[in-house]
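Architecture and fold: a report
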Amino acid sequence: MSAQKTSYAGNGTYPDSYYAASRNIVRNPKVLEGEVVADVAVLGAGYSGLSTAIHLAEKGYKVVIVEGANIGWGASGRNGGQVVNGLNASLDTITRRYGKEAGAFVGSLIQEGGKTIRRLVSQYDIQCDLKPGNVYAAYTAAHMKELEHKKALWKSHGMDDHQLLDKEMIRKLVNTDAYVGGMLDTTGGHLHPLNLALGEAAAFESLGGVIYEQSPAVRVNHEAEKPSIITAKGRVIANTVVLCGNAYLGHVVPKLVSRVMPVSTQMMATEPLGEERARALIPSDMCVEDVRYILDYFRLSADNRLIFGGGTVYGGTDAADVRAKLRPNLEKVFPQMKGVKIDYAWNGNFALSFSRVPQMGRIGKNTYFAHGYSGHGVTGSHLFGKILSEVISGADSSRFDQFAKLPWIPFPGGRMFRAQYSTIGSWWYQFKDAFGL
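These lines cover the structure that appears in this document, whether it is placed above or below. (Residues numbered from 1 in each chain as written. Predicted model: local features only at pLDDT ≥ 70, side-chain atom pairs only at ≥ 80, totals over all residues. Heavy atoms only, no water.)

A word on helix 11 (residues 322-333)
Condition: Working definition: helices are DSSP H or I runs of at least four residues, strands are E runs of at least two. Numbering for both runs from the N terminus. For a helix, the expected span equals 1.5 Å multiplied by the number of residues minus one. Think of it in three bands: with a 1.4 Å probe and only protein chains considered, a residue is buried below 20% of the maximum accessible area for its type, exposed above 50%, and partly exposed in between. Directions drawn from the helix axis to the C-beta atoms are what define this arc. Whenever two N or O atoms come within 3.5 Å, that pair is a polar contact, provided that in protein one can donate a hydrogen and the other can accept it, and provided that, for residues adjacent in sequence, both atoms are side-chain atoms.
With twelve residues, helix 11 extends 17 Å between its outermost C-alpha atoms, agreeing within 8% with the 16 Å of an ideal straight helix rising 1.5 Å per residue. For helix 11, the set of buried residues is V322, L326, L330, E331 and V333. Down the axis of helix 11, the buried set is contained in an arc of 145°. They therefore lie on one face. Between a side-chain oxygen at the N-terminus of helix 11 and the backbone nitrogen of R323 the separation is 3.3 Å; the capping residue is D321.

The structure is reproduced here in structure tokens:
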């Protein structure tokens, strides 16, 4: 996939990723043909769409999902599988930019996405290798100061689940000399992301929901009293439409194109290492991410592979050689992995908002959208799906209204130059990381 190809290649089959190769559910996709009527139509079968659909189906709504490729084909089935609490933008940034009320509001719910995932996994017996704990890793003293501040800030919002780690302590969790310290979040975790998405799809269908796959939308009629999703072979008419295409919505809804920018990140999975060798790398079996602006993130899979990700390409263009790009970073963290065989390597896009705060809102009278998780979508998407279900069902509109009223900021340089501008801006942060500023 690339910035020029946000539509679905071939028949929407999965990329050649470890997750696709190890998925535990193989579906027989149903294509949308003819006219279908529903209470709610959701566009996109990633986490946002699945979470919205499940929460509404649990309330008794007739919900239909329309997916252009297959379940979890986009970021939901390609990501690092890390259950990391919080948004990309810090609580400090949100408070400074939007005020104390907004900061307190976001601070009250940033662990809710992880709790929602655990509830769904437990209630619907989703087999996705869910494991507890995530580690933030610091390369410099400046990074440690950031983590000390983050721990104190989160504690001020009622979250006291974090432990600061010195060099010796983090070494017991992650066996490397690369880090000067870090922070443990006991409420974080990691999982097989595609199996989570596939399990959620099965849970939704067990509630009476219907999913049409390999049915790319060509248009969304969001101005009508009863909005609709139109594909090449059919359409769904509903009382409410929810747009959850995120980085892969393309130009189907022109009003949303400029709000987010696709950003490509890369991942790879080693050969199976065996339990002894794998635990020698990460004795804690937790997921790890460093706190640089352009960060690395990694974890062990259930079959003892090291899954390693990182890198950023603004605009969503694929890296030509993922192995060549990521291997030096992997070997910097774990020199003992020099020359290790890489079985799988893949690209994936996430949707970046300029503010790094995800966006939720309404266009037309009865069409809602959620997107722009900016690399923190595993938990954020599940939370936003829950909030969308609240406003659509009439149960509670307050949390939706809080997010919807946050002003979105367009990317400097417009659509033509936004990727170049973001790349130049990132150089400053990389410079700071490199020199410990």
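A short note on the environment of R27
Going by this rule: We call two residues in contact when some of their heavy atoms are within 4.5 Å.
Tracing the backbone shows R27 in the loop between helix 1 (18-21) and strand 1 (34-43). When the C-alpha atoms of R27 and I71 are compared, they prove to be 8.8 Å apart, with 44 residues separating the residues in sequence. If we ignore the near neighbours within four places in the chain, the residues touching R27 are I71, L198, A201, E205, I211 and E213. Within polar-contact distance, the side chain of R27 engages the side chain of E205 at 2.8 Å. Among the polar contacts made by the side chain of R27, one reaches the side chain of E213 at a distance of 2.6 Å.

Details of the pattern of salt bridges
The condition is simple: Here, a salt bridge means any side-chain nitrogen of Lys or Arg that lies within 4 Å of a carboxyl oxygen of Asp or Glu.
Tallied over the entire structure, the rule returns 19 salt bridges. Notably, a salt bridge pairs K386 with E112, separated by 2.9 Å at the nearest N-O pair. With K386 in helix 12 (residues 377-393) and E112 in helix 5 (residues 112-123), this pair connects stretches of sequence that are 274 residues apart. Exposure remark for K386: the relative accessible area of 26% places this residue in the partly exposed category. E112 sits in the buried class, given a relative accessible area of 15%. With its nearest N and O atoms 2.8 Å apart, the salt bridge here joins D296 to R292. What makes D296 buried here is its relative accessible area of 3%. Put simply, E112, K386, E390 and R399 are held in one network by salt bridges that share partners.

Quick notes on unusual backbone geometry
One non-glycine residue with positive phi stands out, namely D129, at about 60°. Within the secondary structure layout, D129 lies in the loop between helix 5 and strand 4 (131-138). Since its relative accessible area comes to 37%, D129 is described here as partly exposed. Even without being a glycine, N304 presents a positive backbone phi close to 65°. Tracing the sequence through the fold places N304 in the loop between strand 13 (296-300) and strand 14 (306-314). We classify N304 as buried; its relative accessible area is 13%.

Observations regarding the environment of L130
Residue placement: L130 occurs in the loop between helix 5 and strand 4. Using a relative accessible area of 31% as the deciding quantity, one classes L130 as partly exposed. Along the primary structure L130 and I117 are separated by 13 residues, whereas in three dimensions their C-alpha atoms are 9.6 Å apart. Apart from the residues within four sequence positions on either side, L130 is in contact with V83, R118, V121, H190 and L191.

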